[in-house]
Amino acid sequence: MPTAVLTDRERTAVQAYLRLLHTVRAAFDGPPDGSRPAVVPPAVLAEAEHALARAGLAGNEAEFFRLLHDWCPPA
């Protein structure tokens, strides 16, 4: 399997996306009584958007998800 060598900005974008994904999962895994917090805190979303833009990946989802898959393949 080929290994992707990410730039620092690409790695930051992937890490920010994974934090965003984990935040959303945690919100949906919360208590079933409907007392869930806001799904995505604005700071987490802003961090991911900023990191994607700095890496030149904003609007280029196919390339971003290729990098994500290569760096963090599904188990």
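One numbering rule holds for all chains: residues counted from 1, following each sequence as written. Given that the model is predicted, a residue must reach a pLDDT of at least 70 before its local features are reported, and side-chain atom pairs must reach 80 or more before they are shown or counted; all residues, however, enter totals for whole chains, interfaces and linings. Computation of side-chain values covers all heavy atoms of the structure but excludes hydrogens and water.

**A short note on the overall build of the chain**
Now for step 1: Numbering of helices and strands starts at the N terminus; helices are DSSP runs of H or I of at least 4 residues and strands are runs of E of at least 2. Helix and strand content of the chain: three helices and zero strands.
Now for step 2: Taken from the N to the C terminus, the helices and strands of the chain come in the order α-α-α.
Now for step 3: Only protein chains enter the calculation, and the probe is 1.4 Å; a residue is then buried if its accessible area is under 20% of its type maximum, exposed if over 50%, and partly exposed in between. Out of the 75 residues belonging to the chain, those deemed buried represent 23%.
Now for step 4: Only the protein chains shown count as cover for residues, and the accessible areas themselves come from Shrake-Rupley with a 1.4 Å probe. When the accessible surface of the chain is split by element, carbon and sulfur atoms take 61% of a total near 5200 Å².

**Quick word on the nonpolar core**
Now for step 1: In these notes, a set of buried Ala, Val, Leu, Ile, Met, Phe, Trp, Tyr and Cys residues joined through side-chain atoms within 4.5 Å is what counts as a nonpolar core. Counting residues in hydrophobic clusters, the biggest one holds 14 residues, and the most contacted among them are A13, V14, L57, F64 and L68.
Now for step 2: The greatest single-element share of this core, amounting to five residues, is contributed by helix α1 (residues 8-28).

**Details of the confidence of the model for the chain**
Now for step 1: Averaged over the chain, the pLDDT score is 75; the fraction of residues at 70 or greater is 71%.
Now for step 2: What pLDDT reports is the predictor's confidence in each residue, on a scale of 0 through 100. The spread of mean pLDDT over the elements of the chain runs between helix α3 (residues 61-71), the lowest at 75, and helix α2 (residues 42-54), the highest at 84.

**Things to note about the pattern of salt bridges**
Pairs can form between side chains of opposite charge once their charged atoms are near each other.
Now for step 1: The salt bridge criterion pairs a side-chain nitrogen of Lys or Arg with a carboxyl oxygen of Asp or Glu, the two atoms within 4 Å. Under the criterion given, the structure shown has two salt bridges.
Now for step 2: Among the salt bridges present, the one from R11 reaches D8, with a minimum N-O distance of 3.0 Å. With R11 and D8 both in helix α1 and three residues apart, the pair spans about one turn of that helix.
Now for step 3: Among the residues examined, R11 registers a relative accessible area of 29% and is labelled partly exposed.
Now for step 4: A salt bridge links R19 to E47, with the shortest nitrogen-to-oxygen separation between them at 2.5 Å. Of this pair, R19 sits in helix α1 while E47 sits in helix α2, placing them 28 residues apart in sequence.
Now for step 5: Residue R19 is classed as partly exposed on the basis of its relative accessible area of 39%.
Now for step 6: When its relative accessible area of 31% is taken as the criterion, E47 is described as partly exposed.

**Digging into α2**
Now for step 1: In this scheme, a helix's expected span is set at 1.5 Å multiplied by one less than its residue total. With 13 residues, α2 extends 18 Å from end C-alpha to end C-alpha; this agrees with the ideal 18 Å at 1.5 Å per step.
Now for step 2: Of the residues making up α2, those classed as buried are V44, A48 and A51. When α2 is viewed along its axis, its buried side chains cluster within an angular range of 70° and face the same direction. The outward face of α2, more than 90 degrees from its buried face, is lined by the exposed residues P42, A43 and H50.
Now for step 3: Phi for G56, located one or two positions after α2, is positive at around 75°. The directions from the helix axis to the C-beta atoms form the arc being described.

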